[in-house]
Structure formats: C-alpha cells, structure tokens
Amino acid sequence: MKKQILFSLAAVLVFMVTPPALLAGETYLGGFVQGLYGGGLDRDNPTSSEMTASETRLQLRMESFSDAAEFFGRLDFVYDDYYNPSTELELREGFVKFRMFKNLDFKIGRQIITWGTGDLIFINDLFAKDYRSFFNGRDDQYLKAPQNALRAAWYSPLGTFSGIYTPRFTPNRIPTGERLSYFNPMAGQIVGGEPYFEGRMPEAEFKNSEIAARFSRYVGSADIALYFYHGFYKNPTALDMVDSTAYYPRLNVYGASVRLPLLGGIAWLESGYYDSRDDADGDNPLIPNSTINSMVGFERQLNASLTANFQYQNNYMLDHDLYADNLPPRMVEMDETYHLVTSRLTQMLWMETVTVSTFGFYSPSEKDFYGRFSVSYKYTDALTLAVGANIFDGKEDYTDFGRFKKNDNVYLKITYGY
Amino acid sequence: MNFKRTFSVTAVLLLIGAAGLFAQDNRALDLMKQAHLNLYYAGDDGIAEVKMTIVNSKGKERQREFAMLRLDLEDGGRQDYYTYFRQPSDVSRLTFMVHKMPDASDNRWLYVPSVDLVKRISADDKNSSFVGSDFTYEDVSGRHWSEDNHKLLREDTYNGRPVYVVESIPKESYKGFARKVTIIDKEYILPVREEYYDKKDKLERVFTVEKIESIDGIQTPTLRKIENVQKNQYTTVEFTNIDYNVNVKENVFTERFLKNPPREFIK
C-alpha cells in the first residue's frame, strides 16, 4: 500500500515536471474529480458485491507544446471500494505528436484510437473497448480503452493513409464476474465472483502485434474510407477444449465505409469482411466463423434540441452449414444471420444544461436488449450531476446482451471539472 | 380626352412611384448585403479569442471560451470556420469545423479528443442554439441577404449616430423569425441592432453591438449581445486578440487539423 502511494506520488511528479522541461513551450493543465456510486437491481446477481460502483476518480490532464512537438497526458487516480477497497492508477493517455516532411504526422505512445462510422457499434474499429466501464455508468470516454501504439498519417493529394502499429495485442475489457456477471458456456449458467474470468492472451511475440490501416478521402461531401486490420478478435471468442480456456483467435478484417449528408441528416454505411484465420475452413464450431458484418445508420435533428438516430447491423456467417454440421451435441446453434437495431435519442433542455439521453440496442434474432438511460444536469460550468441506468434483458442467457442480464444497475455521478 | 390624359398622367406617376419603391428596395438590399459582408466577411480571413457569457433569467452566469478561425473562399459565399474550445473544462480541446455552403446545407464536424472521435453533425436546424447560448448557428455564421425581402423604412439616428432602418421579411415562411428590423450604422455600414419578431409580431430577440473597435483598419464589433426578450435571458460575446489576413490556408479546415489544432494560429 505504502509502495503504491509512493509510486503514485512519483508518477504525479514526473507527470507535472518532465514534459514542460522537455518541450518548454505552452502548457495547459486541467481535469476533473468525480464520484460514481452505483448498485445492482438484480437480487440474484452472483457477483462479489451488490454495488456496481463506489469510486472517486481524480483525472489530471496536461498538454504542452512547442514548435517541434506536442505532448499530452491524462492520468487517472481511482479509489474504489465497491467491494474490497483498492486504489488504481492508470495512464489513460500519454503521447507525443509531431510532424515530418510537411505531410506526415506521428502520434506515439499510450492513446485512445477510434475510427469508423457507427454510434457505439463497431465494425472496422478494432481498437480496445472497455465494456466494464461502459456497463456501470462511467463517462462515455471510458468506453475506449487506451492502447500503446505508434500512429502515422500521410496526407497525400489522393487522400489520407493512416497506419497504427500496436506492438502488444490489447484486448477489450469485458465483464469478468468481479463487478459484472456473465454467462459461462462451460458452466452453462450466469456466473460471478471468484475465480474471475480470464482469457488466454496471445504470446508476447512480434508476430502477434496488431496492425490497423485506413485510407480515407472526401468525394464531394461524402467521406469514404477503406480499412484493414491484422490481429485477433478483441474478445476471447474461441474455446480451447484441452484446458477449457477461452482465447483470442486470429483475425483479419477488410472493410469500407461511407458517410454523407442526406435528407437533412447524416447517413452512414459500413461493412467489413471478418476473416477468422484460425478457422479458415469454417468447420470448427469452437472458433468464430468468418463473417460479413454490415451496418447502416441515419441521424438527424427532429427539432432544435432533439436529435435521434437509428442503426441496423447484420452479421452473416460465411460457413454456417459446416459450422452446424460439426457442432457438438448440446451446444446451441447460432443463427446464420445476426440482426441488431439500435436507436439513440438526445433531448437538451434549459439552455443545454440538462441532457436526457436514451440508447437502446435490440437484437430481433437473439431476442435480447440493452438500454442506457441518463439524465445529466450542469449545475454550473464546473459541476455536473447525473443519474442513469443500464438495463439488460434476454430470452436466453447465452446471447450477447442476455449474458449480462443480471447486471441491471442504477448510478449517481457527480463531476467537478477544473 | 381629358380622361385619357388623366389616365396617362396617373400611369406615369404610378410608374415613377413604383420605380422609386423599387429603387428603395434595391438600396435596402445593397445595404443589407454590404452590412452582412462587413460583419461576417471582414478581411480575407480572421482569428479571434472569444468569450461568451450566458446569463439565464435568474441571473446565473455560464461561460464559454474558444478560439475561432475563419477563411472566406468567396465574399458572401463559401466560408470555413474552425473553433477550438478552451473552457469549460469538460469541452476543452474539443474542435468544431464548419464548411458554410451558400446554396446547400453546411457541413459540420465535431472532434471529441477524449475518445478520438470525428463526428459529422447534421446541420438541418439553423435555429439550434450554439453551445447552449442565445446565439443560434445562423447568428454565428449569418443569414444570407438573398433569403429575405428588404425594405428601407427610414433614416434615423441611433445612439447619436446616423443610421438606416431596414425591415426584412423572409421570402419563405421561416421559424427563426417572421420579421426583422435592422439598424445599420451609416458610416460603417454595420448592423448595430437587430430586432427579431415572431409570427404574432411580438418582439422575441434583440441583437445589439455594444462596442466597435478599429482593427487593422477594419471596423469590428468586439462586444455583441443577444437578448431573448420573451425568455428574459441573454448572451454576450466578447472578441479579443483579433487578427485579420493572417494567411490561413484552406487545408487547415480538414480532418487533419480538426484532430491536430494548427498551433501556428491556436496556442
């Protein structure tokens, strides 16, 4: 404990002192303090605690730049006692940005990366997500987990070429039974508490690095993009029968997207071919089948303070017959096509000091649902109060959202920005 | 004969009258056009630090601070805007970009750095509030003079200075206002007061210029206020560190700089 505090203090000192000394330019500081308290609504949730959150977070943000380069850092200190009290220190972002040869930009270090067109659903964005935070009421910014990566972008007359190299595979942060329960196919039921779930990571070898690339440009007022990803499924979706562990199978993705103004709103279309490299023939039911994943979405303002959007996603298994033929008895057969619809409604009130937001996910093929509801009130520019709920439902326990159906929770969040 | 003559004289008089009216309308149009160009297209480009104070009906204040960069591609036509938010804390480092299209919907982008997200924003409703203030998007980038019919009501004095008073009525039914009265400073040809009336012809919003400064020889309203009379709330905007003709290039208004603020302009 003492060691940890010392380490934290040292980190703060380094954080506060080093970059300006290095770059000696303009420096800005900021951040927030936040309290988040949440509890589960399901009495029979098998997790360790009925609380889903009881944390105080201090974020320090620092930006510093000179003519040559730019530094940005974001450091979170969290005291969390939803179960066993613990302190946590996370470098959310810490990178250097610089420009070379006029048209080449680099961003190197720990960073949050996003691309693609979907609203909270992702096809070609295979950067790490944090569903543990997403499901328990933390701010939207915590849906994205940081990656240690090298990013380069070349701005050519033809369009923009971006490349991202992540030396060590960074998986999604998913419910492990600690704070949120989940369906365990081996146990055949929803489980929580110890032992916490852990997927087997790929070996720390260079061949197991992640590579993501994108080409993007404008055609009239439409932005179009082509994508490539080489790495692993970000969730441990494959099962090793020998030692009954879940692991991250190898994956390539080839995709494209277009986004454009349409009918007074914005429309988007995105598609990706998921090449499941460990199951090239599609006959191994313990590894995901290759799929074509597609989505279409539309957003527009309904009036000056109300915005709505709608999305439809479709994932199509390429070798469903082979998969089904090889399915062991007692394992539930997945549909050839997965359907998902989502909708977001955002209403602003009182000169945009109050935001009422709902976001619903519903899969007609899986018959499961996930809803996010929140009301936030900016009492002053600095102080924001928010309440919200995360509600899951599903006919079956093993579907994407059904697997979390005992995790319904409500939360209260107070944020003071500085 | 007499009748014919009377008719001719009347016709001629009517014609002269109509021509006079027409001439006056043309003059009103020219004034509104020039005032629009002077307010929204000063110089070829411009940069400023902006401090916005929003005051609600209970007198509670909120503040926004941002840097704003503008490039005119064509006077009265295509224009690009870049906004870099500084305060409050929860929106700091956020950037917002607009390609203002003269004959189509504007293209708008928002970049949220905490999630590295480039979001395109539907720009259908020009009467949406700009960052929660009493200014609408249209107030920020201006309403094109060709969208309304203008009539010069009179010449007058306002705050001791000679002015024109012009009335504007939207050509097509418009929810932003039913009628607008603009007071234009004669010497500077700048709008110094605008009154917006709703469908019942009740005064709804009043825009006033509180302070004009000469910057690089350009008369610039550096303190502006918009008051919603019906809701009893107002917003003031103060411009500082204004610079014109800083030679900003068109490529600054692209995704590259949306994600990486151009530090030669925005420190």
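Being a predicted model, the structure only gives us computed values, none of them experimental.

Broken down by element type, chain B carries three helices and 13 strands. By principal-axis analysis of the C-alpha atoms, chain B measures approximately 85 × 45 × 35 Å. Counting the 267 residues in chain B, one finds 31% classified as buried. When contacts within chain B are restricted to residue pairs at least 6 apart in sequence, those whose partners lie at least 24 apart make up 43%.

We now examine the overall build of chain A. Counting its secondary structure elements, chain A contains three helices and 22 strands. Expected size for 418 residues packed as a compact globule is a radius of gyration near 22 Å; at 22 Å, chain A falls within 12% of this value. Here the C-alpha coordinates of chain A stretch approximately 65 × 55 × 50 Å along the principal axes. Here chain A holds 418 residues, and the buried ones make up 35% of them. Sequence separation of 24 or more characterises 57% of the internal contacts of chain A that already satisfy a separation of 6 or more.

A separate point is the interface of chain A and chain B. Counting residues at the interface gives 31 residues for chain A and 26 residues for chain B. For the side of chain A that touches chain B, the elements supplying multiple residues, two or more each, are β1 (26-40), β14 (250-262), β15 (265-276) and β16 (291-303) of chain A. Considering each element in turn, the side of chain A that touches chain B owes the most residues, four residues, to β16 of chain A.

Residues and elements named next belong to chain A. Strand direction decides the pairing type here: strand β17 (residues 306-317) and strand β18 (residues 337-349), joined by eleven bridges, are antiparallel. Paired with Gln313 across the two strands is Leu340, which belongs to β18. Two elements, β18 and strand β19 (residues 354-363), share nine bridges in a ladder whose sense is antiparallel. Following the sheet pairing, Leu349 is matched in β19 by Val354.

Attention now goes to unusual backbone geometry. It is generally the case that most residues other than glycine have a negative phi and that most peptide bonds are trans. For the bond from Glu194 of chain A to Pro195 of chain A, the omega torsion is 0 degrees, close enough to zero to count as cis. That bond from Gln87 of chain B to Pro88 of chain B is cis: its omega, 0 degrees, falls within 30 degrees of zero. Within the fold, Pro88 of chain B resides in the loop between β3 (79-87) and β4 (95-100). Despite not being glycine, Arg330 of chain A shows a phi value in the positive range, around 80 degrees. You can see Arg330 of chain A is positioned in the loop between α3 (320-325) and β18. Phi at Asn247 of chain B is positive, roughly 65 degrees, even though this residue is not glycine. Position of Asn247 of chain B among the secondary structure elements: in the loop between β13 (233-244) and α3 (255-259).

Before going further, it helps to spend a moment on the nonpolar core. Residues and elements named next belong to chain A. Membership of the largest hydrophobic core comes to 18 residues, with the highest contact counts inside it found for Ile113, Leu126, Tyr229, Leu251 and Val253. Among the secondary structure elements, those contributing two or more residues to this core are β11 (222-232) and β14. With four residues, β11 is the largest single contributor of residues to this core. Non-local contacts of Leu251, meaning those with residues more than four positions away in its chain, are made with Gly231, Phe232, Tyr233, Tyr274, Asp275, Ser276 and Arg277.

Before going further, it helps to spend a moment on the pairing of strand β6 (residues 117-121) of chain B. The two faces of the sheet receive side chains in turn, since in a regular strand these alternate between them. Residues and elements named next belong to chain B. The pairing of strand β5 (residues 107-112) with β6 spans five bridges and is classified as antiparallel. From the neighbouring strand, Leu110 faces β6, where its bridge partner is Lys119. Linking two consecutive strands that pair antiparallel, namely β5 and β6, is a turn of four residues; a positive phi of about 55 degrees is found at Asp116 within it.

All names here are of chain A. Within the secondary structure, Glu88 sits in strand β4 (residues 86-100). Separated by 205 residues in the primary sequence, Glu88 and Asn293 have C-alpha atoms spaced 37 Å apart. If we ignore the near neighbours within four places in the chain, the residues touching Glu88 are Val78 and Asp80.

What counts and how
Residues numbered from 1 in each chain as written. Chains lettered and ligands numbered in written order. Predicted model: local features only at pLDDT ≥ 70, side-chain atom pairs only at ≥ 80, totals over all residues. Helix = DSSP H or I, 4+ residues; strand = E, 2+ residues; numbered from the N terminus. Buried ≥ 20, exposed ≤ 12 C-beta atoms within 10 Å, placed from the backbone. Contact = placed C-beta atoms within 7 Å. Rg over C-alpha atoms; globule rule 2.2 N^0.38 Å. Pairing = 2+ DSSP bridges. Core = buried A, V, L, I, M, F, W, Y, C linked by C-beta atoms within 7 Å.

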